[in-house]
Amino acid sequence: MSFLELTDVHKHYGPVAALAGVDLSVASGSRTAIVGPSGCGKTTLLRLIAGFEAPDQGRIVLDGEVLANGGAAVPAYRRGIGVVAQDGALFPHLSIAANIGFGMRHHEDKRSERIAELAYIVGLDKAILKRRPHELSGGQQQRVALARAMAMKPRLMLLDEPFSALDTGLRASMRKAVAELLETAGITTILVTHDQAEALSFASQVAVMRDGKFSQVGTPRELYLKPKDRMVAEFLGDAIILPAKIADGFANSPLGRIAVDSTERRDVVRIMLRPEQVLLKRTSREGMSGTPDMLFGEVTESEFAGSMCTIAVRLLNSPDPPDAAAIGNTPLILRKPGMDTPVVGEIVRLTVLGKAHVFT
């Protein structure tokens with residue numbers, strides 16, 4: 001049985017449908033990431049779960065308790081749900097200790113010890129408990145916000161873009177630390193984020209939202225390798241989309257004959273490869289002769305970005321697939337390790353690793 005269950009949830013703001021029938025199941029102790037473009041309804045959904053607003057239609061059930069059913073809703077303070085906002089939302093006039101203990105009773109037994117313990121759990125030194133929020137770094141403030149939410153001993157934790165204001169290195173380490181912390185505490189978590197890599201690495205379940213609905217929900221690996229459609233594919237990372245004709249588990253495509261994850265027969269389809277599936281090997285124009293079954297290309301652009309480099313490869317001997325005009329002379333855009341990336345003008349041999357995904 002699901003720990004959190006959303007059924008046909010709708011929310012309108014005047015004529016605008018922020019949510020248009022959302023269904024979601026979240027298992028106990030799991031981590032779910034909700035991703036999607038701005039304005040698709042992610043934060044609205046989080047607000048409905050938290051109890052800050054009520055749905056116009058639909059049910060929200062947490063651990064067997066009905067939190068919302070249409071316009072009727074349990075108040076936010078009675079839901080036992082912790083919320084960490086993008087900016088931390090700390091009280092500037094309170095000390096760090098007072099911020100962490102804000103949701104605790106003032107006369108609670110061993111209150112000071114509990115606050116110090118929570119600070120230690122999220123990786124904060126006891127010495128900062130007397131400071132004010134403006135005296136802390138962005139990463140420290142987010143840890144305080146997390147400790148404050150955990151002080152309530154929540155049944156469910158909602159994270160709304162909690163790492164977006166942090167720099168790249170701190171963001172990755174903070175995300176890993178929070179994931180381990182919540183897992184150790186056994187707290188079911190929902191993360192809203194714009195960062196696809198963050199969603200894929202943080203969650204055990206990813207839900208891609210578009211126009212107030214979920215386009216696809218599944219494991220990170222499932223959504224990355226077998227997206228339902230082009231929108232999901234491109235939202236979760238770089239994708240190479242090609243026209244093809246498939247039969248008996250293979251596709252005839254601009255990249256030649258490729259194994260696919262379907263055994264059906266279709267004359268005109270779209271297949272998807274992730275750029276890391278296309279391997280490159282340096283060669284020369286002379287090396288192209290006498291090898292009709294091999295695919296070659298020329299590097300036309302190269303953009304160095306440190307550890308990774310983005311290159312464009314123009315196909316030189318692509319076969320004629322169905323609907324070849326769909327690819328034309330458009331080069332393949334690939335990301336490769338920056339230390340040994342082919343340079344502009346070099347000839348490369350292309351090899352496809354694994355199977356291409358066939359869109360339904």
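This one's a predicted model, so the numbers in the text were calculated from it and none came from an experiment.

Lay out the sheet that holds strand S16 (residues 278-283) in plain terms, naming residues and giving numbers.
Sheet architecture is open: 5 strands sit in the order S16-S20-S17-S18-S19, paired in antiparallel fashion. In this open sheet, the two strands that pair with only one neighbour each are S16 and strand S19 (332-337). Between one strand axis and the next, the sheet turns by 45° as a mean value, whatever way the strands run. One ladder, built from 8 bridges, connects strand S17 (residues 295-305) with strand S18 (residues 308-315); its direction is antiparallel. Directly across from Gly 297, in S18, lies its bridge partner Leu 315.

Please set out unusual backbone geometry residue by residue, giving values where relevant.
Although it is not a glycine, Asp 63 adopts a positive phi angle of roughly 50°. Even without being glycine, Glu 161 reaches a positive phi, approximately 50°. Position of Glu 161 relative to the elements: it lies in the loop between strand S8 (156-160) and helix H5 (168-185). For Glu 161, a relative accessible area of 7% translates into the label buried.

Which residues make up the pairing of strand S11 (residues 213-218), and what are the values?
Bridge count for strand S10 (residues 205-210) against S11 is 5 bridges, and the pairing is antiparallel. The residue bridging Arg 210 from the neighbouring strand is Lys 213, located in S11. In sequence, S10 turns back onto S11 through a hairpin of 2 residues, with Asp 211 there showing a positive phi of about 50°.

Explain H5 to me, using residue names and the numbers behind them.
Here H5 spans 26 Å end to end across 18 residues, near enough to the 26 Å set by a 1.5 Å rise per residue. For H5, the full list of buried residues reads Arg 171, Met 174, Arg 175, Val 178, Ala 179, Leu 181 and Leu 182. The buried residues of H5 occupy an angular sector of 165° when the element is viewed end-on, so they sit on one face. Set apart from the buried face of H5 by more than 90 degrees, the exposed residues are Gly 169, Lys 176, Glu 183 and Thr 184. In this structure, the buried side of H5 is in contact with strand S3 (31-35), helix H3 (111-121), helix H4 (138-151), S8, strand S9 (188-193) and helix H6 (196-202). Two residues or fewer past H5, Gly 186 is found with a positive phi of approximately 70°.

Run through the pattern of salt bridges, naming residues and quoting values.
Evaluation of the coordinates by the stated rule reveals 15 salt bridges. For Lys 11, the salt bridge identified is with Glu 53, shortest N-O distance 3.9 Å. Of the two residues, Lys 11 is situated in strand S1 (residues 4-13) and Glu 53 in the loop between helix H1 (42-50) and strand S4 (57-62); the sequence distance between them amounts to 42 residues. When the shortest N-O distance is used, the salt bridge between Asp 340 and Arg 282 registers 3.2 Å. Taken as a pair, Asp 340 in the loop between S19 and strand S20 (347-352) and Arg 282 in strand S16 lie far apart in primary sequence, 58 residues in all. Put simply, Lys 11, Arg 47, Glu 53 and Asp 56 are held in one network by salt bridges that share partners.

Outline the packing of aromatic side chains, listing residues and values.
Scanning all chains against the criterion turns up 1 aromatic pair. A cation sits over an aromatic face here: Arg 31 above Phe 202, 5.3 Å from the ring centre. Note that Arg 257 overlies the ring of Phe 250, its terminal NZ or CZ placed 4.2 Å from the centroid.

I'd like a rundown of the pairing of S8, residues and numbers included.
A regular strand places its side chains so that they alternate between the two faces of the sheet. Most of S8 is tucked away: 5 of the 5 residues are buried. The two faces of S8 match: Leu 156, Leu 158 and Asp 160 on one face and Met 157 and Leu 159 on the other face are all buried. Here strand S7 (residues 81-84) runs beside S8; their pairing, made up of 4 bridges, is parallel. Within S8, the residue paired with Gly 82 across the bridge is Met 157. Relative to S9, S8 is paired through 5 bridges, and the arrangement is parallel. Residue pairing across strands places Met 157 opposite Thr 189, the latter belonging to S9.

Tell me about the side chain of Asn 99, and please be specific about residues and values.
Position of Asn 99 among the secondary structure elements: in helix H2 (residues 96-100). Look at Asn 99 and you get buried, because its relative accessible area is 0%. A polar side-chain atom of Asn 99 sits 3.3 Å from the main-chain carbonyl oxygen of Leu 94. Not counting the four nearest positions on each side in its chain, Asn 99 is found in contact with Leu 90, Phe 91, Leu 94, Pro 133, Val 144 and Arg 148.

Give me the lowdown on the sheet that holds strand S5 (residues 65-69), citing residues and values where you can.
Read across the sheet, 5 strands follow the order S2-S1-S4-S5-S6 without closing on themselves; strand pairing throughout is antiparallel. With partners counted over all chains shown, the strands left at the sheet margins are strand S2 (16-26) and strand S6 (72-73), one partner each. As paired strands, S4 and S5 are joined by 4 bridges and run antiparallel to one another. Across the sheet, residue Ile 60 finds its bridge partner in S5, namely Ala 68. Contacts between H1 and the sheet are confined to S1, S2, S4 and S5, with S1 contributing the most and set at about 115° to the helix.

Each value, and the rule that gives it
By convention here, each chain's residues receive numbers from 1 onward along its written sequence. In keeping with the model being predicted, local features are shown solely for residues with a pLDDT of at least 70 and side-chain atom pairs are shown and tallied solely at 80 or more, while totals for entire chains, interfaces and linings include all residues. Heavy atoms throughout the structure, all of them, feed into the side-chain values; hydrogens and water do not. Two strands pair if DSSP finds at least two bridges between them. Numbering goes from the N terminus for both helices and strands, where a helix is a DSSP run of H or I of at least four residues and a strand is a run of E of at least two. As a rule, the C-alpha atoms of each element are fitted with a line to give its axis, helices using only the stretch in contact, and angles between N-to-C directions run from 0 to 180 degrees. The rule is simple: take the accessible area with a 1.4 Å probe, protein chains only, and divide by the maximum for that residue type; under 20% is buried, over 50% is exposed, in between is partly exposed. Here the expected length of a helix is defined as 1.5 Å per residue gap, with one fewer gap than residues. The arc in question is the one traced by the directions running from the helix axis out to the C-beta atoms. The criterion used for residue contact is that any of the two residues' heavy atoms lie within 4.5 Å. Whenever a carboxyl oxygen of Asp or Glu lies within 4 Å of a side-chain nitrogen of Lys or Arg, that contact is scored as a salt bridge. Paired rings are identified among Phe, Tyr and Trp, the last through its six-membered ring, by centres lying within 6.5 Å, and are further divided according to the angle between planes into stacked (under 30 degrees), edge-to-face (over 60) and tilted (the rest). Throughout this description, the term charge over a ring refers to an Arg CZ or Lys NZ atom that lies within 6 Å of the ring centre and within 35 degrees of the ring normal. Pairs of N or O atoms within 3.5 Å make up the polar contacts considered here, provided that, within protein, one atom can donate a hydrogen while the other can accept it, and that residues adjacent in sequence are counted only when both atoms are side-chain atoms.

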